[in-house]
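Summary of structural features
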Amino acid sequence: MIFSLQGIVQELTPTYAVINVNGVGYYVGISLMTSQRLTLNKETFLFIQQIIREDAHLLFGFHTRLEKEMFNLLISVNGVGAVSALILLSTLSLEEIASAILSGNGAVIQKAKGIGAKTAERIIVDLKDKVQKFGNTEGNISSFENNKVKEESLSALEVLGIPKRTSEKIADRILKQIPEITIEELVKQILKNI
């Protein structure tokens, strides 16, 4: 299973890229969000979701791990294929998708071409409990990454025997002051402040 690709962007369109990895070109389906972060003839790193069907081996690439997670959640819904999921990720930001699901707003999800009322309803019902971590952000990608850093830091601290409730408030305070903090640094800072 291909997990990620690192190589030169050989071809780039709004819907796919060809990533040249040591002379082998991989055709990768991408969203507009990822397309805007790539530059032709420059090196890139993409998280990959490989889908194997009887008639094809398909690769889908994502600039962030969170976009890949949202893609996988979307394709887990009956009636949502990989292309529909990419169109949805190209039409709405991760925050918009999450907040539409959490608030039960099918009309927002239907803005994506090819997603009708029934599919939008199914997405809301199936994913309502699974998109919490995407929804409580202040509207930018870095706050998503903050959530990931926070989650992993709190998990590490729990392993060390520190209750989540104790470290969560400190983590929130530190992330407000230093949004770009790494997991390791956040763990150290929380330990200093307990």
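Before going into details, it helps to say that this report is about the structure given with it. Worth saying up front: this structure is predicted, and the values here are computed from it rather than measured.

To continue, consider the pattern of salt bridges. Two side chains that carry opposite charge are able to pair once their charged atoms sit near each other. Inspection of every chain in the model, using the stated rule, returns 3 salt bridges. When the shortest N-O distance is used, the salt bridge between Glu168 and Lys150 registers 3.4 Å. With Glu168 in helix H9 (residues 164–177) and Lys150 in helix H8 (residues 141–159), this residue pair connects regions lying 18 residues apart in the sequence. With a relative accessible area of 14%, Lys150 lands in the buried category. Among the salt bridges present, the one from Asp172 reaches Lys150, with a minimum N-O distance of 2.7 Å. Of this pair, Asp172 sits in helix H9 while Lys150 sits in helix H8; the two residues are 22 residues apart in sequence, bridging distant segments of the chain. We classify Asp172 as partly exposed; its relative accessible area is 32%.

Positive phi is not limited to glycine here, since Asn22 has a value of about 50°. Inspection of the secondary structure assignment puts Asn22 in the loop between strand S2 (16–21) and strand S3 (24–29). For Asn41, which is not a glycine, the phi torsion comes out positive at approximately 65°. Note that Asn41 resides in the loop between helix H1 (32–35) and strand S4 (43–52).

Attention shifts here to the nonpolar core. Counting 31 residues, the largest nonpolar core has Met70, Leu74, Leu88, Ile109 and Ile123 as its most contacted members. Taken together, the elements giving at least two residues each to this core come down to strand S5 (57–62), helix H2 (65–75), helix H3 (82–91), helix H4 (94–103), helix H5 (106–109) and helix H6 (117–127). When we break this core down by domain, the ones giving at least three residues each are domain 1 (4–62) and domain 2 (65–128). Ignoring sequence-local partners within four residues, the contact set of Ile109 consists of Leu88, Leu92, Ala100, Ile101, Ile115, Ala120, Ile123 and Ile124. If you look at the next biggest cluster of nonpolar residues, it comprises 12 residues, including Val149, Ala171, Leu175 and Ile190.

This paragraph deals with the packing of aromatic side chains. The tally for this structure, following the rule as stated, stands at 5 aromatic pairs. Taking the centre distance of 4.5 Å and the plane angle of 20° together, the rings of Tyr16 and Tyr27 count as stacked. Note that Tyr16 is positioned in strand S2 and Tyr27 in strand S3, a separation of 11 residues in sequence. Here a set of aromatic residues connected by ring pairs shows up, and it is made of Phe3, Phe45 and Phe47.

Conventions and cut-offs
- Residues numbered from 1 in each chain as written.
- Predicted model: local features only at pLDDT ≥ 70, side-chain atom pairs only at ≥ 80, totals over all residues.
- Heavy atoms only, no water.
- Salt bridge = Lys/Arg side-chain N within 4 Å of Asp/Glu carboxyl O.
- Helix = DSSP H or I, 4+ residues; strand = E, 2+ residues; numbered from the N terminus.
- Buried < 20%, exposed > 50% of the residue type's maximum accessible area, 1.4 Å probe, protein only.
- Core = buried A, V, L, I, M, F, W, Y, C linked by side-chain atoms within 4.5 Å.
- Domains from an automatic or database assignment.
- Contact = heavy atoms within 4.5 Å.
- Phe/Tyr/Trp six-rings, centres within 6.5 Å; stacked < 30°, edge-to-face > 60°.

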